[in-house]
Structures are given as structure tokens and as C-alpha cells.
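Next come the chains, spelled out residue by residue.
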Amino acid sequence: FSLGDARRPLHESAILVEDIVHTQLINLLQQAAEVSQLRGARVISAEDLLFLMRKDKKKLRRLLKYMFFRDYKSKIVKGIEEDDLLEDKFNSNNTNKRQKLAQDFLNSIDQTGELLAMFEDDEIDDVKQERMERAERQTRMMDSVQYAEFCESRQLSFSKKASKFRDWLDCSSMEIKPNAVAMEILAYLAYETVAQLVDLALLVKQDMAPKAGDPFSHAISATFIQYHNSTEVRQSTGVKTSLDSPENTPPPTPTPPASAGQQHLGKTPSGALGNGGIGQDSTKSKQRKRKKSTAACGIEAQSDAIQPSHIREAIRRYGHKIGPLSPFT
């Protein structure tokens, strides 16, 4: 939710994202264990993960910045003055454990100076900037209750429950186990993987949405259009024939909380307003509405939430090589 999905994400999408993240991290751990064995170490440490990420400069730069802020946070917790922190940032003989570890290792494998230059690079993080702008757009129409829930979602991470995260990765069964700093990096990478999946899925969702007057709308998958249209027809006929739909609530009926009402702004099925007066005095309809309060989440999930098909298409695009030289790469 805090990364850009609907307020009530689909359970199927969450399971698929969890499966992808788990698979990615297990593969990463296996590769890191092989690197650790090659250098004769007994544990998987930060050096092994940095070595695996050395070719992806953007992600490595973001990881280094994360390691710096972890040191910064740990020093604040210990009560060191702010002036000392600023001096440590620019002091070559600083005592930043994580940053010094990364700097020493990258110095040992850097042949061209590109890796060490990242420590002095202060350019804007485009990925983070885009996510913050999206979060700002999400919160514009929220009330205080919705915003509190959004802020709570933003604070969630894989590092808060370190023992559960370690069990989830089944580290106890590994011959070479990751140390504490490596687990911090893995928790960060897990969060980033979820964030990137949401980023890509939102792009796919935007591409798949049919636009009025779009001359290229015929290029959208016929299967998707057929499914999309059939879903709209089912929703529309359901509103006309059934009194159980939340969209069919007459105006005098007490409205649900603002947080639930916000979910219906995304899409209003045709015919919902015209049939609003049917069954206005029916207490049976009100009781059914209370029993089926989850129907509101269902309508919002189908219209606004990220679908599993969006995630699968995002993964396909991410791994697909394009361009005239793709057969030779």
C-alpha cells in the first residue's frame, strides 16, 4: 500500500510478490555462499553481497547510501553529537563500521576508480524521488485516519523482525550462514525488490488501461480486453439486479467511514446512480450490506489494485532483452 498499490491489495498479488522476493533472495544467498567459499571465509558477509552487485552501479550506490545511514542511525542512538557525525562523514579515518567495511573492500577490487567515486557522489536518487512523489500524490485526498494508516505502512520493513526474516530464508540449514551486517543488507534488498515489483507493475497497469481516443488501443492484448469488459459487465449487471452492492446504497443510508468511501472513487459502474432509490426502506438490504462489507474491498481491488497478471508481465518485461542486437547479447 505505501509503495503505490491500492489501500486493500489483492491477496493473490501479495502471495506472488512474496514468492518472487523469496526466490530472488534464496538465489542471492546461494551465489553469495559460493563467493564466500572462493575467498575462504566461514560466513557470508557484506563483501560477498557487494561483490555480486558491483556491476549494477545505481543499485550499489543506493546500497552504500543505506549503509552510511545505518551507521548514522546507530551513532545517534548512542548519543554522539551532530558535529561529530558530520566530521565522521568526511573523515577518511572515520569509525563508521559499515561504510569503512564497504570502502575498504571496494578499494581492493576497484580497477578504474568508478566504485570509489560513488562515496563522493551526491546526485539525486531518481528512484527514491519518484517514489516520494507518488506517495505525495497518494496522500493528497486522505483524511487523518487514512494518513495514519499510510504512515504505519511506510514504517514496515524486513529488518524489524530479524529472527522471523532469518527463519523465512531458512538460514539455519545453510553450511555458510550470513552474519549480522549481511542480514541487514538482505533485509534492505528484500524491501527494494518489493518496491521495484510495485514500480514495474504500476507501469504495466498504466500501459494496459485502455484510453479513450488512443489510436494504438487495438494493440492491447485481446485476452486482457475480453477479461476487462466481462468484469465490467458482471459488475454493472450485479448492481442492477442485486441490492447487496455497496454502490447501490440510497443517499439517506448512513455512509461508511471516509476511508471506505474513498475506495469507490476509482470506478463507478454504470447504472449505479439510476437505481439508487430501489429498496430504500429495506432493512434486509441494510443487514446484507453489513454482512458483506468486504464487497467494497473486492470492487476496489478489481479496479485499482495491482493484479497478478500485472506482476507477471512486469517480470517478463524486466527479463526481456530488446533492441537490434538482442540475439547476440
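Residues numbered from 1 in each chain as written. Predicted model: local features only at pLDDT ≥ 70, side-chain atom pairs only at ≥ 80, totals over all residues. Heavy atoms only, no water.

As annotated in an unreviewed UniProt entry, the protein chain is SUPT3 protein from Alca torda. If you open the UniProt record of the protein chain and go to Subcellular location (unreviewed entry), you find "Nucleus". As its UniProt record puts it under Sequence similarities (unreviewed entry), the protein chain is described as follows: "Belongs to the SPT3 family." (UniProt positions renumbered as here; feature names shortened; annotations may be inferred.)

(A) Here's a closer look at the pattern of salt bridges. For the structure shown, the criterion picks out 16 salt bridges. For Asp125, the salt bridge is made with Arg62, and the minimal N-O distance between the two is 2.7 Å. With a gap of 63 residues between them, Asp125 in the loop between helix H6 (114-117) and helix H7 (126-139) and Arg62 in helix H3 (residues 57-77) connect regions that are remote in the sequence. As far as burial versus exposure is concerned, Asp125 and Arg62 are alike and both buried. Taking the shortest distance from any N to any O, the salt bridge between Lys100 and Asp104 comes out at 3.1 Å. With Lys100 and Asp104 both in helix H5 (residues 97-109) and four residues apart, the pair spans about one turn of that helix. (Salt bridge = Lys/Arg side-chain N within 4 Å of Asp/Glu carboxyl O. Helix = DSSP H or I, 4+ residues; strand = E, 2+ residues; numbered from the N terminus. Buried < 20%, exposed > 50% of the residue type's maximum accessible area, 1.4 Å probe, protein only.)

(B) Spotlight on the packing of helix H1 (residues 11-38) against helix H10 (residues 180-208). Close contact between H1 and H10 brings their axes to 10 Å; oriented N to C, the two are set at 140°. Judged by the angle between their axes, H1 and H10 are oblique. Judged by the twist between their axes, the crossing of H1 over H10 is right-handed. The residues of H10 that touch H1, namely those facing Val17, Ile20, Val21, Gln24, Leu25, Leu28 and Leu29, are Leu186, Leu189, Ala190, Thr193, Val194 and Leu197. (Axes fitted to C-alpha atoms, helices over the stretch in contact; angles between N-to-C directions. Parallel < 35°, antiparallel > 145°, perpendicular 65-115°, else oblique. Left-handed = near helix turned anticlockwise from the far one by under 90°. Contact = heavy atoms within 4.5 Å.)

(C) Geometry of the packing of H7 against H10. Where H7 meets H10, the closest approach of the two axes is 12 Å, and the angle between their N-to-C directions is 65°. Comparing the axis directions of H7 and H10 gives the class roughly perpendicular. Crossing hand, H7 versus H10: left-handed. Where H7 approaches H10, its residues Val127, Arg131 and Arg134 are matched on the opposing element by Glu192, Ala195, Gln196, Val198, Asp199 and Leu202. Of the residues belonging to the contact of H7 with H10, the class tally is four nonpolar, one polar and four charged. (Nonpolar A, V, L, I, M, F, W, Y, C, P; charged D, E, K, R; others polar.)

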